Amino acid sequence: MEASGVMVAAFDHNDKLCFANRAFREAWFIVESEELFWADFMRRNFHAGRGTVIAAADFESWLLSTLARRGKTMHRAFETDLHDGRWLWMTETTHPDGWMLCVAVDITSVKIDERSLRQDRDFAVKASQTDDLTGIPSRRFVMSKLDDLLRDDREEGLGGTIAVLDIDNFKYINDRFGHPVGDAVLKDFAASLQHLIRKTDVLGRVGGEEFVLVLPKTSPQEAEVLVQRMLTEVRRSRPVPQQASFRYTFSAGIASILPGDTAENVYRRADLALYAAKMRGRDQIGLDPSVHQLTRQIP
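Residues numbered from 1 in each chain as written. Predicted model: local features only at pLDDT ≥ 70, side-chain atom pairs only at ≥ 80, totals over all residues. Heavy atoms only, no water.

- The name that an unreviewed UniProt entry assigns to the protein is diguanylate cyclase, with the source organism given as Neorhizobium lilium.
- Looking at the Catalytic activity (unreviewed entry) heading of the UniProt record, one finds this comment for the protein: "2 GTP = 3',3'-c-di-GMP + 2 diphosphate". (UniProt positions renumbered as here; feature names shortened; annotations may be inferred.)

1. Some points on the nonpolar core
Here's step 1: Leu165, Phe189, Phe211, Leu213 and Phe250 are the most contacted members of the largest nonpolar core, which has 31 residues in total.
Here's step 2: Sequence-distant contacts of Phe250, defined by excluding residues within four places in its chain, comprise Leu165, Asp166, Ile167, Asp168, Phe189, Val227, Met230, Leu231, Val234, Asp283 and Gln284.
Here's step 3: Core analysis: the next-biggest nonpolar cluster, separate from the first, contains 26 residues, Ala39, Met90, Cys102 and Ala104 among them. (Core = buried A, V, L, I, M, F, W, Y, C linked by side-chain atoms within 4.5 Å. Buried < 20%, exposed > 50% of the residue type's maximum accessible area, 1.4 Å probe, protein only. Contact = heavy atoms within 4.5 Å.)

2. Digging into the domain arrangement of the protein
Here's step 1: What the domain assignment reports for the protein is domain 1 (6–112) and domain 2 (129–292).
Here's step 2: Relative to domain 2, the C-alpha centre of domain 1 lies at a distance of 28 Å.
Here's step 3: With 17 residues of domain 1 in contact, the opposing surface of domain 2 contributes 16 residues.
Here's step 4: The contact between domain 1 and domain 2 buries some 1200 Å² in all, and 58% of this surface belongs to carbon and sulfur atoms.
Here's step 5: When the buried surface of domain 1 facing domain 2 is broken down by residue, Leu64, Arg69 and Lys72 rank first, second and third, together holding 48% of it.
Here's step 6: Inspection of the region where domain 1 meets domain 2 yields 1 salt bridge.
Here's step 7: A salt bridge links Lys199 to Asp15; its shortest N-O distance comes to 3.4 Å.
Here's step 8: One can count 9 residue pairs in polar contact (both at pLDDT 80 or more) joining domain 1 with domain 2.
Here's step 9: Of the residues forming the side of domain 1 that touches domain 2, the biggest block, 3 residues, is contributed by helix H3 (residues 59–67).
Here's step 10: Classifying every residue of the side of domain 1 that touches domain 2 by side-chain character gives 6 nonpolar, 5 polar and 6 charged. (Domains from an automatic or database assignment. Buried area = accessible area lost by both parts, 1.4 Å probe. Salt bridge = Lys/Arg side-chain N within 4 Å of Asp/Glu carboxyl O. Polar contact = N/O pair within 3.5 Å; in protein donor to acceptor, adjacent residues only side chain to side chain. Helix = DSSP H or I, 4+ residues; strand = E, 2+ residues; numbered from the N terminus. Nonpolar A, V, L, I, M, F, W, Y, C, P; charged D, E, K, R; others polar.)

3. Here's the deal with the UniProt feature "domain: GGDEF" (unreviewed entry) in the protein
Here's step 1: Taken from the UniProt record, the annotation "domain: GGDEF" (unreviewed entry) applies to residues 158–290.
Here's step 2: In residues 158–290, helix accounts for 44% and strand for 23%; the two terminal C-alpha atoms are 17 Å from one another.

4. Focus: the pattern of salt bridges
In a structure, side chains of opposite charge can pair up when their charged atoms sit close to one another.
Here's step 1: Here the structure, examined in full by the defined rule, presents 23 salt bridges.
Here's step 2: Between Arg151 and Asp152 there is a salt bridge, with the nearest N and O atoms lying 3.4 Å from each other.
Here's step 3: Judged by relative accessible area, which is 35%, Arg151 ranks as partly exposed.
Here's step 4: Looking at Asp152, the relative accessible area reads 22%, which means it is partly exposed.
Here's step 5: For Asp166, the salt bridge goes to Lys278, with nearest N and O atoms at 2.8 Å. Highlighted residues: Asp166 in strand E6 (residues 160–167) and Lys278 in helix H9 (residues 263–279), separated in sequence by 112 residues. For the pair Asp166 and Lys278, a shared accessibility class is recorded, and that class is buried.

5. Describing the packing of aromatic side chains
How two aromatic rings sit relative to each other is given by the distance of their centres and the angle of their planes.
Here's step 1: Within this structure, the stated rule accounts for 11 aromatic pairs.
Here's step 2: Relative to Phe41, the ring of Phe24 lies with its centre 6.4 Å away and its plane at 90°, an arrangement referred to as edge-to-face. Taken together, the residues Phe24 in helix H1 (residues 22–27) and Phe41 in helix H2 (residues 38–48) connect sequence positions 17 residues apart.
Here's step 3: Phe24 gets classed as buried once you look at its relative accessible area, which sits at 4%.
Here's step 4: Consider the rings of Phe177 and Phe246, whose centres lie 4.9 Å apart with planes at 80°: the pair is edge-to-face. You can see Phe177 sitting in helix H6 (residues 170–177) and its partner Phe246 sitting in the loop between helix H8 (220–236) and strand E9 (250–256), a full 69 residues away along the chain.
Here's step 5: Under the relative-accessibility criterion, Phe246 is labelled buried at 6%.
Here's step 6: Three or more aromatic residues link up through ring pairs in this structure, and these residues are Phe11, Phe24, Trp28 and Phe41.
Here's step 7: One cation-aromatic arrangement involves Arg70 over Phe11; the distance from NZ or CZ to the ring centre is 4.9 Å. (Phe/Tyr/Trp six-rings, centres within 6.5 Å; stacked < 30°, edge-to-face > 60°. Lys NZ or Arg CZ within 6 Å of the ring centre and 35° of its normal.)

Put into structure tokens, the structure is as follows:
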């Protein structure tokens, strides 16, 4: 494998590079002894103008959007180009525990017009799965991941939890401070939460100020601990630099996957739990009553 021209790498559940053969290291300028996270060497190469060509002026926004989708699908194939002129066909295969195998093959010989057509297709797919404002997955993508979670639960009994998250008093924020501040809050909220989730979790904006968090193989107690960390992170956030005193909060409703569940049913239970949290005063978590009745163990 070390002598192969095919580029091969393996990343752990935290997206840390655990193995890369010579071809992969040379393409992305990685020293053999280095222990790097994927985001680290991508950031380093972007600023050095080498490695993957990233057509974005704001690298950190691009990174947030990419990390929000990276590793969320069991198998993904796409094309990308390098600064040295090579064009690559890449595949990412993700294990349920978050480990990922990346394989890249040089397809520079593909005709330019075919290459452009395929790139346009990849851009269109990405656009359909991404929320324009926040850069995280759209409703279509996150709901498809919920469907996948329900299918896996029916087939393998893996279990899981979802949380519906809603920014408190968002209409008041827009009316009082204006839509630019409202947009800043939405982007800050997405970025703050995205940094706290695992590679196997999916956070998406489903509309307005409402977000959904899909947590595979996660108990409601584990989900509650994670969302509590999110509540704390958001309370500390100051999304408007010009107004240091401005702050915001959110409320959440948590529901577990039950045997025979549908997406509509589990979403409705999480939404009702969110409503209960709002009625109790906001800035807190509501738990679906069935959580306390759940006896099945999460593997």
